[in-house]
Every structure is written in structure tokens, then in C-alpha cells.
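Chain and residue survey
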Amino acid sequence: MAEFITSLPAQAAARCIIDTARSLNLLNSPVTVAPQLAETEKILFVQMLAALDEYRKMHGDDLQADQISSLFTFVFAKAAEAVTNMYNHKEDKFDLTGMLDGRVPIYADDSITAEFKASPFPFTCAENYLQWVENDAAYLTDIDPVLLLFEALKWCFRLSCHLAITVVENK
């Protein structure tokens, strides 16, 4: 039987992203959730973890700040796509293009795309996350940095889905 522990750093990584959303006034209503988006999140993050594992085998473990920023932009764009697919009753097929290089295409509803292109959310998430990691580096020494990063990315995805749903419902 697997042993589960409570990870305070993982909770702090999640809180970093939630606080970012709150500071940008993105949490003025209850967070919208959908079972389909939870399944989508799982599929996307398994693909991302596999791609990152391959990248790390070829290039080493360290990710640069611009790559981490790209990951936040990537999940933000994929949330827009996931919500568009949910409303259009289409299957999610994620293209991992741009995951680490900042050139992230977005295939979403025009109103979501317009709102997302104007949003500082993914950049601010990356900035706040990187600052949090730098400030608390001593506290995070025994924690897998990829797991912490993906905890933050998970919350970025969830809150981005909420934002995309809000855009559609206000349309």
C-alpha cells in the first residue's frame, strides 16, 4: 500500500498560483469545475511529464526561467483549448509544440483567445512561482522540483479553465 504524506511545499506552490489569480481579480466568483476538464488535465499532464522526462534525458535536469515561463503559457493556452473542446463536444488532442520554447499556438474559441492574449496571468504565475522558489530555496531542498512545478502548473491550468469558462458564459 502506498504511503501518502502531506506536502507543505506542494501546498505552497498551489497557493502561489491561487494568490496570483486573486491578485489579478480572476477569482471574483466561485471556481468553475467540470469532470471532463479533470480528465483532460490528467491526459495533458501525463503527456507533459513524459515530454519533459525525454527533454531532461537529453539536456539535463535544469530548466531555465524562460522554459518555466513557457510551461505556464503552455498550460494557459491548453486550458483555452480544453474549454473550447468541451463546449464544442470535441476530443482533446494536445499538441506539445511550444511547451518549452515560448512559441505556443492556441486553438480556441475567438473570444477566449482574445481574452487570453491580453491576460497577464501566465506570465505573472511564472514570475511569482520563480520568485517563490528563489526565496524559499532552502526550504525546498528535499523536494523534487518537477513535482513542485507541476503542482503550480496544475493550478494554473485549473484557474485558466475557470477563466475560459467565464469568458464563454459572459459572451
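As a starting point, this report considers the structure included with it. (Residues numbered from 1 in each chain as written. Predicted model: local features only at pLDDT ≥ 70, side-chain atom pairs only at ≥ 80, totals over all residues. Heavy atoms only, no water.)

Once that is clear, we can look at the side chain of His162. Tracing the chain through its elements places His162 in helix α6 (residues 145–170). Reaching out from His162, the side chain makes a polar contact with the backbone oxygen of Leu26 at a distance of 3.5 Å. Leave out the neighbours within four places in its chain, and His162 touches Leu26, Leu27, Ser29, Pro30, Val31 and Thr32. (Helix = DSSP H or I, 4+ residues; strand = E, 2+ residues; numbered from the N terminus. Polar contact = N/O pair within 3.5 Å; in protein donor to acceptor, adjacent residues only side chain to side chain. Contact = heavy atoms within 4.5 Å.)

Next up on the list: the packing of aromatic side chains. Inspection of the entire model under this criterion finds six aromatic pairs. Residues Phe76 and Phe116 carry aromatic rings whose centres are separated by 4.0 Å and whose planes lie at 20° to one another, so their mutual orientation is stacked. Of this pair, Phe76 sits in helix α3 (residues 65–87) while Phe116 sits in helix α4 (residues 110–118); the two residues are 40 residues apart in sequence, bridging distant segments of the chain. Comparing Phe76 with Phe116, the two get one shared label, buried. The ring of Trp155 has Arg158 sitting right over it, with the charged end atom 4.8 Å from the ring centre. (Phe/Tyr/Trp six-rings, centres within 6.5 Å; stacked < 30°, edge-to-face > 60°. Buried < 20%, exposed > 50% of the residue type's maximum accessible area, 1.4 Å probe, protein only. Lys NZ or Arg CZ within 6 Å of the ring centre and 35° of its normal.)

Moving on, we come to α4. Considered for burial, the residues of α4 that qualify are Ile112, Thr113 and Phe116. End-on, the buried residues of α4 take up no more than an arc of 100°, which puts them together on one face. Those residues of α4 that are exposed and aimed more than 90 degrees away from the buried face are Asp110 and Ala118. Check the buried side of α4 and you find it contacts α3 and α6. (Arc of directions from axis to C-beta.)

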